[in-house]
Amino acid sequence: MNYWLMKSEPNVYSINDLAQEKQTIWEGVRNYQARNFLRQMQLEDLAFFYHSHTKNPGIVGLMKIVKNNLADPTQFDPNNQYYDPKSTSESPRWQTVLVEFVQIFPEIITLSKLKQEFSEEQLLVIKKGNRLSVMPIEKKIAEKILTF
DNA sequence: GCCAACGTTGGC
DNA sequence: GCCAACGTTGGC
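Here goes a summary of the coordinates provided. From a predicted model like this one, the values you see are computed outputs, not experimental measurements. (Residues numbered from 1 in each chain as written. Chains lettered and ligands numbered in written order. Predicted model: local features only at pLDDT ≥ 70, side-chain atom pairs only at ≥ 80, totals over all residues. Heavy atoms only, no water.)

Some words on the pattern of salt bridges
Here comes step 1: Inspection of every chain in the model, using the stated rule, returns seven salt bridges.
Here comes step 2: Notably, a salt bridge pairs Glu 117 with Lys 113, separated by 3.3 Å at the nearest N-O pair. Remark: Lys 113 and Glu 117 occur in helix H3 (residues 111-117); sequence separation between them is four residues, near one turn of the helix.
Here comes step 3: Judged by relative accessible area, Lys 113 falls into the partly exposed class, the value being 30%.
Here comes step 4: Linked through salt bridges whose partners overlap, the residues forming this network are Glu 44, Lys 64 and Glu 100. (Salt bridge = Lys/Arg side-chain N within 4 Å of Asp/Glu carboxyl O. Helix = DSSP H or I, 4+ residues; strand = E, 2+ residues; numbered from the N terminus. Buried < 20%, exposed > 50% of the residue type's maximum accessible area, 1.4 Å probe, protein only.)

A short note on the packing of aromatic side chains
Here comes step 1: A complete count under the given rule lists five aromatic pairs for this structure.
Here comes step 2: Relative to Phe 105, the ring of Phe 48 lies with its centre 6.3 Å away and its plane at 50°, an arrangement referred to as tilted. In this pair, Phe 48 sits in strand S3 (residues 46-51) while Phe 105 sits in strand S5 (residues 95-110), placing the two residues 57 residues apart along the sequence. Of the two residues, Phe 48 and Phe 105, both sit in the buried class.
Here comes step 3: Ring geometry for Phe 118 versus Phe 148: centroids 6.1 Å apart, planes at 40°, classification tilted. In this pair, Phe 118 sits in the loop between H3 and strand S6 (134-137) while Phe 148 sits in the segment after helix H4 (139-145), placing the two residues 30 residues apart along the sequence. (Phe/Tyr/Trp six-rings, centres within 6.5 Å; stacked < 30°, edge-to-face > 60°.)

Put into structure tokens, the structure is as follows:
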């Protein structure tokens, strides 16, 4: 079982939206490094939900991968902002996962708290200038975060 | 809202 | 293949 961190801007899609919907397809990732991580995700993997580009960024909850290796449907929709005319249904360029809500943490684990607890090598998300929206988290680090 | 940092694009 | 120009991300 692997652990991941996935970013979303809460004014676009927040942990509360996921708590209501219960499941969502993680659409719109158009960065190859992030996509490669999405491709590696396995059923039952856990992912931390991170709120970015907001007043109080940090980890706000937990979700579970319930379907992996899905073609991102938005790549085929010409009216969608994530439409990719170079992608075909025979060989989709962008894969993603279906995630399921697990929990909202009682308190946000803020970026500044994460910076206090971990080094940049231990936790990529705290590295300045990091723009990756999907990244792996080492098991030991993830288990420590779960105790906060 | 600002702007540093980064990824992508495209001319050469 | 290099790299300047550009667009986007995301902390502050």
